[in-house]
Amino acid sequence: MSLFDRRRLLLSSTAGLAAVATPGLLRPRRALASEVVVGFIYVGPKDDYGYNQAHAEGAAAIKSIPGVTIIEEENVPETVDVQKTMESMINLDGASLIFPTSFGYYDPHMLKMCEKYPDVQFRHCGGMWDESKHPKNAGSYFGYIGMGQYLNGIVAAHTSKSKKLGFIAAKPIPQVLININSFTQGARTVDPTITTQVIFTGDWSLPVKEAEATNSLADQGVDVITCHVDSPKVVIETAERRGIYSCGYHADQSALAPKGYLTGAEWNWATVYKMLAEKALAGEPLPNFVRGGLAEGFVKTSPYGPAVGDAARKQADAVKEEMLKGGFVVFKGPLNDNQGNQVVAAGQSFGETATELESTDYLIEGVLGATS
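This section reports on the structure supplied with the text.

Analysis parameters
Each chain has its residues counted from 1, running along the sequence as written. With the structure being a predicted model, the display of local features is reserved for residues of pLDDT at least 70 and the display and counting of side-chain atom pairs for 80 or more, all residues being used for whole-chain, interface and lining totals. Just so you know, side-chain values use all the structure's heavy atoms and leave hydrogens and water out. Only buried residues count toward a nonpolar core, which is a set of Ala, Val, Leu, Ile, Met, Phe, Trp, Tyr and Cys residues joined through side-chain atoms within 4.5 Å. The buried label applies to any residue whose accessible area, calculated with a 1.4 Å probe on protein chains only, is under 20% of its type's maximum; exposed applies above 50%, and partly exposed to all values in between. Comment: elements are numbered from the N terminus, with helices defined as DSSP H or I runs of at least four residues and strands as E runs of at least two. When checking whether two residues touch, look at their non-hydrogen atoms; a contact exists if any pair is within 4.5 Å. Should a side-chain nitrogen of Lys or Arg be within 4 Å of a carboxyl oxygen of Asp or Glu, the pair is scored as a salt bridge. Pairing between strands is defined by DSSP: at least two bridges between them are needed. Geometry is summarised by axes, namely lines fitted to C-alpha atoms with helices restricted to the contacting stretch, and by angles between N-to-C directions that run from 0 to 180 degrees.

1. Details of the nonpolar core
- Formed by 83 residues in total, the largest nonpolar core has its most connected members in Phe40, Val68, Ile180 and Trp269.
- Sort the elements by how many residues they give to this core and helix α6 (residues 146-159) lands first, with seven residues.
- The residues touching Trp269, leaving out its near neighbours within four places in the chain, are Ala54, His55, Gly58, Cys125, Tyr141, Phe142 and Gly143.
- Core analysis: the next-biggest nonpolar cluster, separate from the first, contains 21 residues, Cys114, Tyr117, Phe122 and Trp129 among them.

Right, here's the structure in full:
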């Protein structure tokens, strides 16, 4: 059933209208303890080769769990529309666990639904849940994917001939800046003179600007590009057409660039979704705040492409092995930002779980660009 049809069904009668105003009026009889209906909401298409596809792949991984029923809606904007989608999942489908996956779904939309439907569990992709002020039926999950970008940087630096790397990013928020800085840190372990030119497009999905940025970087001599946008598809395809290399993000984009795709930093949301769905099936409390990285299976890397040499594979594999042991540190002092200010003092270090990284507002030395 399409999103339009679902909403039309929900609002097409007096009973439907009453259901919107009265939580649970149309909700089907509570499922057995061994059954759970799980809703997934995506801001874009499920086959975008990016952020939404990564979540859809995670959702697909739990469809085979006995007792689990999956419902999905794609292309839902970060507006009141997502509230309507959540209500229809609850009232028409009997969803008791909902994953609104996009950043802008959380506040105020998901929080309003949490208050309206206290018996439904909501888990959002991000780190915004705060025990001191948010509902107990809300929560957050996320992964430390900066480690994957660090590995991308190692492979990119080994492959680059110009020693000029490029990074196309949506917005200068902490998670994006961590990825840019991690990519550059990884690259500079190979060659401390290497640079990363960053271009911010201004939003998560702007295909025209993403293509323009990729072409601009190629024109400047950049020969390896990566990104942090919702769908890397345009960036990867444009890089392939220009004859330069690329490192992926969110999901595996190797099919889009059979010659130039080197590797990628991918989400592995199946780990999270399986854990939460199985807890819901067992009637166990769901954790409100879940994080993990490579070691916990929340993040993975794409297979190497044909252009990746032996030296790149050897170093990246060795570093990945250390990461999988846990406790690997990307940011350690002394470390300056690209304006010459010290951001990590000598003897100081921030591991992937460090809360200090949540407020990252700088680009490190070696990154060409500005956050404003």
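2. Re the pattern of salt bridges
- Enumeration according to the criterion identifies 10 salt bridges in this entry.
- Note that Glu237 and Lys233 form a salt bridge whose closest N and O atoms lie 3.1 Å from each other. In this pair, Glu237 and Lys233 are both assigned in helix α9 (residues 233-241), four residues apart and thus about one turn of the helix distant.
- When its relative accessible area of 23% is taken as the criterion, Glu237 is described as partly exposed.
- A salt bridge links Lys325 to Glu322, with the nearest nitrogen and oxygen atoms 3.0 Å apart.
- If you follow the salt bridges from partner to partner, you end up with Lys46, Lys63 and Glu72 in one network.

3. Some points on the sheet that holds strand β3 (residues 97-100)
- On the basis of which strands lie adjacent, the open sheet formed by four strands has the order β2-β1-β3-β4 and parallel pairing. Each of the sheet's edge strands pairs with one partner strand only, and the pair in question is β2 (68-73) and β4 (121-122).
- As paired elements, strand β1 (residues 36-41) and β3 share four bridges and run parallel to each other. In the sheet register, Phe40 faces β3, and the bridge partner there is Phe99.
- Against the sheet, helix α10 (residues 270-282) contacts β1, β2 and β3, and its axis sits at roughly 160° relative to β3.

4. With respect to the side chain of Thr184
- Looking at the secondary structure, you find Thr184 in helix α7 (residues 174-188).
- Leave out the neighbours within four places in its chain, and Thr184 touches Thr196, Ile364, Glu365, Gly366 and Val367.

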